Amino acid sequence: MVIQTLMGAWDKSATGGKHSSSYMIEQIASNHLAHSVQTFNTQYSDIGLFGIYATADAVGLNDLMYVMTQQTTRLSIRLEEFQLQEAKNQLKMNMLAALDGSTVVWEDIGRQMRTYGRRMHPS
């Protein structure tokens, strides 16, 4: 989930892509490479799945794939400590902000029980 936060998400209809803290999103938005980009992370008790999907025109797909591959590789080679800490803090804030109603809290508890077999405390 931290990698998901580091990579970011973007939609062409939203502003701020060119000024994103995610270098991947900044490059995609600045060069008009896609209509939207989303990272996903699915966790199970014994395995996980991470990926990136984008919607884009057929023209420029090679450039889009290059940027996404380059940034994924970059995270495995060169990640500054402050970037990691910033992403962790942002993830914590987003997770706590999302738990604003009882239905959402119960869904989160159910997901944790399915994945970990126990409830994980938010802190």
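Scroll up a little and you will see the structure.
Residues numbered from 1 in each chain as written. Predicted model: local features only at pLDDT ≥ 70, side-chain atom pairs only at ≥ 80, totals over all residues. Heavy atoms only, no water.

**Side note on the packing of helix α2 (residues 23-30) against helix α3 (residues 61-77)**
So, point 1. Two elements in contact, α2 and α3, have axes separated by 9 Å at closest approach and are oriented at 165°. By the angle between their directions, the pair α2 and α3 is classed as roughly antiparallel. Like other packed secondary-structure pairs, α2 and α3 cross with a definite hand, here right-handed. Counting all contacts with α2, which are made through Tyr-23, Met-24, Gln-27 and Ile-28, the residues of α3 involved are Leu-64, Val-67, Met-68 and Gln-71.
So, point 2. Grouping the amino acids of the contact of α2 with α3 by side-chain chemistry returns six nonpolar, two polar and no charged. (Axes fitted to C-alpha atoms, helices over the stretch in contact; angles between N-to-C directions. Helix = DSSP H or I, 4+ residues; strand = E, 2+ residues; numbered from the N terminus. Parallel < 35°, antiparallel > 145°, perpendicular 65-115°, else oblique. Left-handed = near helix turned anticlockwise from the far one by under 90°. Contact = heavy atoms within 4.5 Å. Nonpolar A, V, L, I, M, F, W, Y, C, P; charged D, E, K, R; others polar.)

**Re the pairing of strand β3 (residues 48-55)**
So, point 1. As judged from the eight bridges shared by strand β2 (residues 36-43) and β3, these two strands associate in the antiparallel manner. Looking at β3, one finds that Phe-40 is bridged to Gly-51.
So, point 2. Between β2 and β3, which pair antiparallel in sequence order, lie four residues. (Pairing = 2+ DSSP bridges.)

**So, the pattern of salt bridges**
Where side chains of opposite charge bring their charged atoms close, a pairing between them can arise.
So, point 1. A complete count under the given rule lists one salt bridge for this structure.
So, point 2. For Asp-108, the salt bridge is made with Arg-111, and the minimal N-O distance between the two is 3.5 Å. Highlighted residues: Asp-108 and Arg-111, both in helix α5 (residues 102-116), separated by three residues, approximately one helical turn.
So, point 3. Look at Asp-108 and you get buried, because its relative accessible area is 17%.
So, point 4. Take Arg-111: its relative accessible area is 43%, and that puts it in the partly exposed class. (Salt bridge = Lys/Arg side-chain N within 4 Å of Asp/Glu carboxyl O. Buried < 20%, exposed > 50% of the residue type's maximum accessible area, 1.4 Å probe, protein only.)

All quantities given are derived from atomic positions and should not be read as evidence of function.
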